[in-house]
Amino acid sequence: MEFTLYDYALSGNCYKVRLFASILGVNYEKISVEFHPAAEHKSETMLQISPAGTLPILTVGEMVLSETQAMLFWMAKTYDRSGAWWPNNYDPMAQAMVLQWLGFSGDLTATIGQARLNSLFQTPIDRAKVVKCSVTALRRLEAHLTEQSFEQKKFITGVFPTIADLACFPYVALSGDVGTDPGLEHDSYPAIRNWIYEIKSLPGFIPMPGIFEMHQLKDHEADPTIRQVPEG
Ligand SMILES: N[C@@H](CCC(=O)N[C@@H](CS)C(=O)NCC(=O)O)C(=O)O
């Protein structure tokens, strides 16, 4: 096992690490933490591991990471031999663009992520304000991905996906969990829909509750017990 992930199945942030590990083909130990209703991540035991009191937590020996963006960076530098997930060409602007959208992924956690927690677990927030900021974030990403598509770029910073795409993906894809507030439905965002399709098509993609796999093209691939029409 390469590392340990303290994980919660419904967390979009934990899913970022699970997804990247699957894409990279890395084996890791998963420890399930009951975020709701037990709030186990705030227990004495968990606060001793990570005083941040949030999930996910990634540990390797004595090293403890409590920020998802740092986890994705560490995983890219440690396990990605292609050098594609973190721009490896020493171009400071290419790296700065990835950092910029990693920062934006934090905004998505603070907006859509918070609104979703309110919908799922009734956490106290100023819902109208957070939903408004969520819509602003989706519009910003839609405008950016639309501009990228004019240059045949399918991903946030170019023709290939980076850790910025993985960091932004979950809460955008999960925005339907927030509710039916105007401006949150994916139908209004064609560039985001195409981008979600591209990410779901990546080798190693895995789903999470609320984020489904691409539709199977053939019934029998989804369910091997379904009989096919014999050939000939
Ligand atoms: N900055 C952290 C935020 C992680 C985060 O907000 N995690 C949520 C679960 S998805 C959490 O633990 N929230 C509990 C809290 O903020 O008290 C990161 O990017 O990893």
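To start, this report covers the structure provided alongside it. No experiment lies behind these values; they were computed from the predicted model shown.

## With respect to the overall build of the chain
Counting its secondary structure elements, the chain contains 8 helices and 4 strands. Secondary structure elements of the chain, listed N to C terminal, follow the sequence β-α-β-α-β-β-α-α-α-α-α-α. Taking 17 Å as the expected radius of gyration for a compact globule of 232 residues, we find that the chain reaches 19 Å, a close match to that expectation. On the principal axes, the C-alpha backbone points of the chain span a range of 65 × 45 × 40 Å. The proportion of buried residues among the 232 residues of the chain is 44%. The long-range share in the chain, meaning contacts at least 24 apart out of those at least 6 apart in sequence, stands at 64%.

## What to know about the site of the ligand
Around the ligand, the neighbouring residues are Ser11, Asn13, Phe35, His41, Lys42, Thr54, Leu55, Ser66, Glu67, Thr68, Thr109 and Tyr171. The contact in question runs from an oxygen atom of the ligand to an N or O atom on the side chain of Lys42, over 2.5 Å. Surface burial for the ligand is 77%, taken as the share of its 500 Å² of free accessible area covered by protein chains. By residue class, the composition of the shell around the ligand is 3 nonpolar, 7 polar and 2 charged.

## Focus on the pattern of salt bridges
This structure, assessed with the given rule, holds 5 salt bridges. Between Glu151 and Lys153 there is a salt bridge, and its shortest N-O distance comes to 2.8 Å. Put simply, Lys154 and Glu198 hold a salt bridge, and the shortest N to O gap is 3.7 Å. Taken as a pair, Lys154 in the loop between helix H5 (127-150) and helix H6 (163-173) and Glu198 in helix H7 (residues 190-200) lie far apart in primary sequence, 44 residues in all. Note on Lys154: relative accessible area 49%, which makes it partly exposed.

## Focus: the pairing of strand S1 (residues 4-7)
Both faces of S1 are covered, namely the face carrying Thr4 and Tyr6 and the face carrying Leu5 and Asp7. Considered for its hand, the β-α-β crossover made up of S1, helix H1 (residues 12-24) and strand S2 (residues 29-32) is right-handed. With 3 bridges joining them, S1 and strand S3 (residues 57-60) adopt antiparallel strand pairing. The residue bridging Leu5 from the neighbouring strand is Leu58, located in S3.

## A closer look at unusual backbone geometry
Residue Pro37 is bonded to the preceding His36 through a cis peptide linkage, with omega at 5°. Positionally, Pro37 belongs in the loop between S2 and helix H2 (44-49). Of note, the amide linkage connecting Leu55 to Pro56 takes the cis form, showing an omega dihedral of 0°. Tracing the chain through its elements places Pro56 in the loop between H2 and S3. At Ala39, a position not held by glycine, the phi torsion is positive, near 50°. On the secondary structure map, Ala39 appears in the loop between S2 and H2. Ala39 gets classed as partly exposed once you look at its relative accessible area, which sits at 31%.

## Comments concerning the environment of Ala9
Position of Ala9 relative to the elements: it lies in the loop between S1 and H1. With 196 residues separating them along the chain, Ala9 and Phe205 place their C-alpha atoms 16 Å apart. If we ignore the near neighbours within four places in the chain, the residues touching Ala9 are Arg18, Met208 and Pro209.

Thresholds, definitions, all that
Residues numbered from 1 in each chain as written. Predicted model: local features only at pLDDT ≥ 70, side-chain atom pairs only at ≥ 80, totals over all residues. Heavy atoms only, no water. Helix = DSSP H or I, 4+ residues; strand = E, 2+ residues; numbered from the N terminus. Rg over C-alpha atoms; globule rule 2.2 N^0.38 Å. Buried < 20%, exposed > 50% of the residue type's maximum accessible area, 1.4 Å probe, protein only. Contact = heavy atoms within 4.5 Å. Near = heavy atom within 4 Å. Polar contact = N/O pair within 3.5 Å; in protein donor to acceptor, adjacent residues only side chain to side chain. Areas by Shrake-Rupley, 256 points an atom, 1.4 Å probe, with all protein chains shown as cover. Nonpolar A, V, L, I, M, F, W, Y, C, P; charged D, E, K, R; others polar. Salt bridge = Lys/Arg side-chain N within 4 Å of Asp/Glu carboxyl O. Right-handed = clockwise from strand over helix to strand, strands pointing away. Pairing = 2+ DSSP bridges.

Fair warning: the whole summary comes from geometry, so function is off the table for now.
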